[in-house]
Amino acid sequence: MITINNFDQGAQLELEFSGRVSREDYESTLIPAIESALSDHDSLRILVLMTESFEGFDLGAAWADVQLGLTHWRGFDRIAVVAAAGWIKTGVHIMAPLMPCPVQLFAPAEADEARRWLRESLGAVHMAKLSSGALHVQVMGKLDPQV
């Protein structure tokens, strides 16, 4: 099941995934919400909360997710994913570099930090200390060579 909450006048959506997510969940809930929000906004900031009861996607939902992403490729400003399951974390780490927007992974206890990250203005600098001791610095937004 997918539950949707709108924030920031609809430019930010919070998606809560629970149980087994089906293609019907995408078609009846997620796709209409994304398309409605994009009719009013150039891009969206998305918070995806994978609850403890989230069991995964059926094949139809996985395909609907790919189609949604390709249809609205430039419609996302940034995406925060809150999850505990290792397979979800691995999937986010694999897919994040392929996305046209910044994607950040957060632990369930960091949901408020994920919301804060989504609210940061464009052009923000996000820093995270990596387990190797290195510092990961990510410049958010577009750089203007004229400035």
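Further up the page is the structure itself.
Residues numbered from 1 in each chain as written. Predicted model: local features only at pLDDT ≥ 70, side-chain atom pairs only at ≥ 80, totals over all residues. Heavy atoms only, no water.

> Kindly report on helix H1 (residues 23–40), identifying the contributing residues and their values.
Counted at 1.5 Å a residue, the expected span for H1 with its 18 residues is 26 Å, and the 25 Å between its end C-alpha atoms agrees. Along H1, the sharpest kink reaches roughly 35 degrees, centred on Leu30 and followed within four residues by the proline Pro32. Of all the positions in H1, only Asp25, Tyr26, Leu30, Ala33, Ile34, Ala37 and Leu38 are classed as buried. (Helix = DSSP H or I, 4+ residues; strand = E, 2+ residues; numbered from the N terminus. Expected span 1.5 Å × (residues − 1). Bend = angle between axes of the 7 residues up to and from the residue. Buried < 20%, exposed > 50% of the residue type's maximum accessible area, 1.4 Å probe, protein only.)

> Provide a residue-level description of the layout of surface pockets, including the pertinent values.
Each pocket or cavity is described by its volume, and for the largest pocket that value is around 880 Å³. Tyr26, Phe57, Asp65, Met95 and Met99 are, among the 28 residues lining the largest pocket, the residues nearest its centre. Only strand E2 (12–17), H1, strand E4 (44–50), helix H2 (59–71), strand E6 (76–82) and helix H3 (86–95) provide two or more residues apiece to the lining of the largest pocket. Among the residues making up the lining of the largest pocket, the classes are represented as 25 nonpolar, 2 polar and 1 charged. The calculated volume of the second largest pocket comes to roughly 380 Å³. Around the second largest pocket, the lining is made up of 13 residues, and of these His93, Val103, Gln104, Leu105 and Leu130 lie nearest the centre. Counting residues per element, the ones that place at least two in the lining of the second largest pocket are H3, strand E7 (103–106), strand E8 (125–129) and strand E9 (135–139). Sorting elements by how many residues they give to the lining of the second largest pocket places E7 first, with 3 residues. Of the residues contributing to the lining of the second largest pocket, the split by class is 8 nonpolar, 4 polar and 1 charged. (1 Å grid on protein atoms, 1.4 Å probe; cavity = no way out; pocket = protein on both sides within 12 Å on 5 of 7 lines; lining within 4 Å. Points joined across faces, edges and corners; volume = space filled by probe spheres on them. Nonpolar A, V, L, I, M, F, W, Y, C, P; charged D, E, K, R; others polar.)

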